[in-house]
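Descriptive analysis of the structure
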Amino acid sequence: MKSGTLKKAQSLYSRRRYAEVITLLEPQIFLYRENARFYYLLGVSCLQTDDTGGAYSYLKRGQQLDPDDTSILHALAAVHLKRRETNESLRLWLSLLDKDPKNRTARRALDIIKKNIEPGLLAEAVESGRIRSLYPRPPLRLPRWLIAAAVLAFVLTPAGLLLAPTIKSALEPQPPQREGASMLTLDSVGGDLTAYSGTYRYILTPTEIRDTFARIQRYFNAYRDNLAMKETNRILNSNAAPALKQKAELFRSHLQKPDFVTFRDNFSYSEVTGDPYLYNGCYIRWKGKISNLSVTPQKISFDFLVGYEDEKVLQGVVPVVMNFAADLRNAQAVELIARVINTDGKISLEATSIRPILSGGS
């Protein structure tokens, strides 16, 4: 059973199904408490799903079990860089190069650190996702049928070189549209796409409106609901025709609530407060501390000190309400997922998931 679980986790990891790796392995921590490979698979999967705290804890344990494992060293270096802990990240990348002088990823990492040594530039590199190219990734895994088809095509006839892409495209299943995606098409919309009177936050041309609906549909089918919601808000606050706004409003009900495993596409505090109307109804994943905690039988409310989990930088204070029970206390460092509520340009949060930040985590 023990080896079978790890084998299945490795297979899921090879297919980049990181959330399923986490779901499979986290309940097995006691059983695999002395297995470095277990902690590597779990830690890297957390890193890929932006759970930096979990990634750090699991990979650190893996390093304790096997200090010479270069794959764990690589992953930990990426975690520290994401946490903007430049000195520790630099030390680990250099250590990795000592063990593996030909490691190209480590050299690229040193180049990124050198070019973004200033805190503001490094923060921008992290927020933009540029450092994701440094994350450990499973090797390219080609289906057996594709390997066999390629051998036949290139051995039997030179024409196979031209036919292989067509064959591959024809045989690969096309991802189905999600339920609700059809309402985003504009083919059946008659009349003008824009309204010509009124006051609007965003003024869009007909082409921009079509492009925005196309982006919403693309994000929705890719299960990037947060980005789809943001673009939906752009339509709702624009000069788009009333019929299009009605489409966008109905579409919002098809968007799903994320959790710590499924969360994607976070928005920073500065982004949300810079344009609250664009992020209304979107979900954020922020860290901070609890202040002015109030607990009643109906709800929990508190002021959230955004970015103050390590008591270094306070980005802002946002009121939060929770409609579920949780064991919380004042001055506690937590990470939460919450829905943004915009009220006349002022934001508050409705928390949907919350967890404490443990000492040494992030």
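Being a predicted model, the structure only gives us computed values, none of them experimental.

Our focus in this paragraph is the pattern of salt bridges. All chains considered together, the criterion is met by 16 salt bridges. Among the salt bridges present, the one from R285 reaches D51, with a minimum N-O distance of 3.8 Å. Of this pair, R285 sits in strand β1 (residues 283-295) while D51 sits in the loop between α3 (36-48) and α4 (52-65), and the two are 234 residues apart along the sequence. Of the residues examined, R285 reaches a relative accessible area of 7% and is grouped as buried. Among the residues examined, D51 registers a relative accessible area of 9% and is labelled buried.

Attention shifts here to the sheet that holds strand β5 (residues 346-356). In spatial order, the strands read β1-β2-β3-β5-β4; together these five strands close into a barrel with mixed pairing. Strand after strand, the sheet turns through a mean of 50 degrees between neighbouring axes, direction not considered. Alignment of β1 against strand β2 (residues 300-306), held across six bridges, turns out to be antiparallel. In the sheet register, S294 faces β2, and the bridge partner there is S301.

Moving on, we come to the side chain of N103. Residue position: N103 is located in the loop between α6 (86-99) and α7 (104-115). Apart from residues no more than four positions distant in its own chain, N103 is found in contact with L96 and L97.

This part takes up the environment of F304. Among the structural elements, F304 can be located in strand β2. Relative accessible area serves as the criterion here: at 0%, F304 is assigned to the buried category. Between the C-alpha atoms of F304 and L336, which are 32 residues apart in sequence, the distance is 9.8 Å. When residues no more than four places from it in sequence are discounted, the contact partners of F304 are W286, K287, G288, K289, G316, V317, V318, V320, V334 and L336.

Right, let's talk about the confidence of the model for the protein for a bit. The predicted model of the protein has a mean per-residue pLDDT of 84, with 82% of residues at 70 or higher. A low-confidence stretch, residues 169-175 (pLDDT under 50), is modelled with three contacts involving residues beyond four sequence positions or located in other chains.

Let us look at the packing of aromatic side chains. Evaluated as defined, the whole model comprises eight aromatic pairs. Grouped by ring-pair contacts, the aromatic residues Y32, F38, Y39 and Y58 constitute a single cluster. Directly above the aromatic system of F30 lies the positively charged group of R33, at a separation of 4.1 Å from the ring centroid. Looking at R355, its charged tip hangs above the ring of F260, at a distance of 4.0 Å from the centre.

What follows is about α3. The first and last C-alpha atoms of α3 sit 18 Å apart over 13 residues, in line with the 18 Å expected at 1.5 Å per residue. α3 sits mainly inside the fold: twelve of its 13 residues count as buried. Among the residues of α3, A36, F38, Y39, Y40, L41, L42, G43, V44, S45, C46, L47 and Q48 are the ones counted as buried. Where α3 begins, the side chain of N35 points an oxygen toward the backbone nitrogen of R37, at a separation of 3.0 Å. Following α3 by one or two positions, D50 adopts a phi angle in the positive range, close to 70 degrees.

What counts as what
Residues numbered from 1 in each chain as written. Predicted model: local features only at pLDDT ≥ 70, side-chain atom pairs only at ≥ 80, totals over all residues. Heavy atoms only, no water. Salt bridge = Lys/Arg side-chain N within 4 Å of Asp/Glu carboxyl O. Helix = DSSP H or I, 4+ residues; strand = E, 2+ residues; numbered from the N terminus. Buried < 20%, exposed > 50% of the residue type's maximum accessible area, 1.4 Å probe, protein only. Pairing = 2+ DSSP bridges. Axes fitted to C-alpha atoms, helices over the stretch in contact; angles between N-to-C directions. Contact = heavy atoms within 4.5 Å. pLDDT = per-residue confidence, 0-100. Phe/Tyr/Trp six-rings, centres within 6.5 Å; stacked < 30°, edge-to-face > 60°. Lys NZ or Arg CZ within 6 Å of the ring centre and 35° of its normal. Expected span 1.5 Å × (residues − 1). Polar contact = N/O pair within 3.5 Å; in protein donor to acceptor, adjacent residues only side chain to side chain.

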